[in-house]
Amino acid sequence: MTSVAEAPKVKRGIPGFAQLQRVGRSLMLPIASLPAAALLLRLGQADMLGADGASGTFPWLQPVADVFASAGNALFANLALLFAVGVAVGYAKKADGSTGLAAVIGYLVFKGVSDALSPYVLGKPATPAEWLAGADPDAVVAAGDGNFLDLVTAAITGPPAQKLINYGVLGGIVIGLTAAIMFQKYSRIKLPPYLAFFGGRRFVPIVTAGAAVLIAVVGALIYPWFDAGFTAVGDWVTGSTVLGAFVYGTANRLLVPIGLHHLLNSLPWFQFGEYTDASGAVWHGDIARFLHGDPTAGTFMTGFFPIFMFALPAAALAIIHTSKPKNRKLIGGIMGSAALVAFVTGVTEPLEFAFVYVAYPLYAIHAVLTGTSLALVNALGIKSGFGFSAGAIDYVLNFRIATMPLWIIVIGLGYAAIYYFLFRWVITKWNLRTPGREDDDSAVGADPTADPVLVAEEKKAADADLAPAELDARGSGTTADGGGGR
């Protein structure tokens, strides 16, 4: 009887985990547009090129400042649309222009339907007559300061505008994912001959628009519960800034190795909190609120500056000093460049990935210390922000609108000392295999970056060039001249 071998079992990961990673990676594309938006907006503010800055000396720069500010505001005002397009293009496999077009169409449909359903879900605003009849006369008079013209103005402008359903960036992400899924499913669809013109990629925007209508209707129905719950969570997180910042900072670093930190960032950076600027525009999220002058913003950004600019470079120095002497020069070049990138730009992945998998206890310590940094700066009332990441570029650019920014340097130097001595002690105490401390490979020799396969090939080629007597001598452990080998 012939036995049939069992098919090998395929190991499967956590259900949906790979998809979450894809979503996290897709968020990088729209996030990459934020430095441009933040730079334009910042240069256009009053203390930079505006009236309190360069325009005070050179008045002809005021139109330039207005242009920059308007350009930056245009990008921040349409963040949800940017995320819809970016996520769609980043998530879909083999995406092309039709994917981005479908995302734009889908989001515009979603926004239009949501606005149309807002009066039915949130109620219609009072008319001027209804508002004036129900208003407190003392409050109206106080608003007009007793002046008849001001009283009339208050009566006309007093009623609130129509409240709109607003899912913000989250709505853009949902529509972007929808457009990407529709592209993957219908980009090669075949329609009957009389509808063939609308087949293939041309069908994607059509079906995305239809899906956006359904999503908007369902979103409108659940919006009151969503808004109440989301507001409660946001109020708790932004209200208990010390605890909330610690939890967020720790979770942010812990999610970096699996690529899900961008999902976490999308809530505090782009959704939580609300700020109305002098022009009456309403901004949500830590980044937009900070750049538009909210003095309470920066809860989920400030604490990263001491870690990215000072602590991680100090950790790199500890890794260099604990590496083996023969590897120190090589490791110094690698870790030094990664530390410089972290300090200048705030991009820390090259440095963090150097030890996250080979010395995971260090990364756990790093995550907790990052959380303590965010908690500490919030406890001290230090506020700063960035448009992309917590590097020296953003620190200098936003120095004048930050609160107590010099303390960031003081705290950063303190964390640098903690990281250096703690990392060095843990590496040597637990004998962690950080870069430059790997076990020597006899085939590889002294070079830790050498490829064993290439080394073997080189050795084979070298042996082919030796005389038979020399090969015999090498095999017997003696040199060709008969002396004892070492």
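Identification of the protein chain as PTS system glucose-specific EIICB component from Oerskovia enterophila is taken from an unreviewed UniProt entry.

Student: I keep staring at the nonpolar core and nothing clicks. Help me out?
Tutor: The tendency in soluble globular proteins is for nonpolar side chains to be buried as a group. In this structure, F76, W269, F270 and Y419 are the most contacted members of the largest nonpolar core, which totals 87 residues. Of all the elements, helix α16 (residues 304-322) adds the most residues to this core, at 14 residues. In this structure, A84, Y167, A212 and A216 belong to the second largest nonpolar core, which totals 11 residues.

Student: Help me understand the environment of L406, please; the structure alone is not making it clear to me.
Tutor: By the secondary structure assignment, L406 is in helix α21 (residues 406-429). Given a relative accessible area of 55%, L406 falls into the exposed group. For the pair L406 and I382, spaced 24 residues apart in sequence, the C-alpha to C-alpha distance is 9.3 Å. Excluding its chain neighbours within four sequence positions, the residues that come into contact with L406 are Y395 and F399.

Student: Looking at this structure, I do not really get the side chain of S98. What am I missing?
Tutor: On the secondary structure map, S98 appears in helix α7 (residues 97-122). Relative accessible area serves as the criterion here: at 13%, S98 is assigned to the buried category. In contact with S98, not counting residues within four places along its chain, are F183 and R201.

Student: Just to check I follow, could you spell out the UniProt feature "transmembrane region" (unreviewed entry) in the protein chain for this structure?
Tutor: The UniProt entry lists residues 64-89, 164-183, 203-226, 300-318, 330-348, 354-377 and 407-427 under the feature "transmembrane region" (unreviewed entry), expressed in the numbering used here. With 75% helix and 0% strand, the stretch residues 354-377 has end C-alpha atoms that lie 27 Å from each other.

Student: Got a minute to help me understand the packing of helix α13 (residues 241-255) against helix α19 (residues 360-379) in this structure?
Tutor: When two helices pack together, their arrangement is captured by the angle between the axes and the distance separating the axes. It is at 7 Å that the axes of α13 and α19 come closest, and there the two elements cross at 150 degrees. Our classification of the angle between α13 and α19 gives roughly antiparallel. For the pair α13 and α19, the crossing hand works out as right-handed. Two secondary-structure elements touch here, α13 through T241, V242, A245, F246, Y248, G249, T250, R253 and L254 and α19 through Y363, H366, A367, V368, T370, G371, T372, L374, A375, N378 and A379.

Student: Would you mind showing me how to read the layout of surface pockets here?
Tutor: For the largest pocket, the calculated volume is near 960 Å³. Lining the largest pocket are 37 residues, with N166, G168, E274, V282 and H284 sitting closest to its centre. Elements represented by at least two residues in the lining of the largest pocket include exactly α5 (62-77), α6 (79-91), α7, α11 (168-186), α12 (203-239) and β2 (282-284). It is α12 that contributes the most residues to the lining of the largest pocket, 8 residues altogether. Of the residues in the lining of the largest pocket, the class split is 21 nonpolar, 10 polar and 6 charged. As a volume, the second largest pocket reaches approximately 270 Å³. Around the second largest pocket sit 18 residues that line it, and H261, H262, E349, F388 and S389 are the ones nearest its centre.

Student: Sorry if this is basic, but what is going on with the confidence of the model for the protein chain here?
Tutor: Detailed reading of the predicted coordinates is not advisable wherever pLDDT is low. Of all residues in the protein chain, 79% attain a pLDDT of 70 or more, and the chain-wide mean is 82. Confidence over residues 1-5 falls short of pLDDT 50; this stretch has 0 contacts with residues more than four positions distant or in other chains.

The rules we used
- All residue numbers here refer to positions counted from 1 along the written sequence of the relevant chain.
- For this predicted model, a pLDDT threshold of at least 70 governs which residues receive local features, and a threshold of 80 or more governs which side-chain atom pairs are given and counted, while totals over whole chains, interfaces and linings are taken from all residues.
- Think of the side-chain values as coming from all heavy atoms in the structure, minus any hydrogens and water.
- Within this scheme, the nonpolar core is defined by two criteria: the residues are buried Ala, Val, Leu, Ile, Met, Phe, Trp, Tyr or Cys, and they are joined through side-chain atoms within 4.5 Å.
- Partly exposed residues are those whose accessible area sits between 20% and 50% of the maximum for their type, while under 20% is buried and over 50% is exposed, using a 1.4 Å probe and protein chains only.
- Numbering of helices and strands starts at the N terminus; helices are DSSP runs of H or I of at least 4 residues and strands are runs of E of at least 2.
- Two residues qualify as a contact provided that any one of their heavy atoms is within 4.5 Å of a heavy atom in the partner residue.
- UniProt positions are given in the numbering used here, feature names are shortened, and annotations may be inferred rather than shown by experiment.
- Every axis corresponds to a line fitted to the C-alpha atoms, with the helix fit spanning only the stretch in contact, and the corresponding angles, defined between N-to-C directions, vary from 0 to 180 degrees.
- Note on terminology: angles under 35 degrees are roughly parallel, angles over 145 are roughly antiparallel, angles of 65 to 115 are roughly perpendicular, and the others are oblique.
- Note: crossing handedness is left-handed where the near helix turns anticlockwise from the far helix by less than a right angle, and right-handed where it turns clockwise.
- The definitions used throughout rest on a 1 Å grid laid over the protein atoms alone, on which a cavity is an enclosed set of points accommodating a 1.4 Å probe that cannot get out and a pocket is an open set flanked by protein within 12 Å on both sides along at least five of seven lines; lining residues are those having an atom within 4 Å of a point.
- Grid points are joined across faces, edges and corners, and a volume is the space filled by probe spheres set on the points.
- Residues are grouped as follows: Ala, Val, Leu, Ile, Met, Phe, Trp, Tyr, Cys and Pro are nonpolar; Asp, Glu, Lys and Arg are charged; all remaining types, including Gly, are polar.
- pLDDT is a per-residue confidence score from the predictor, ranging from 0 to 100.

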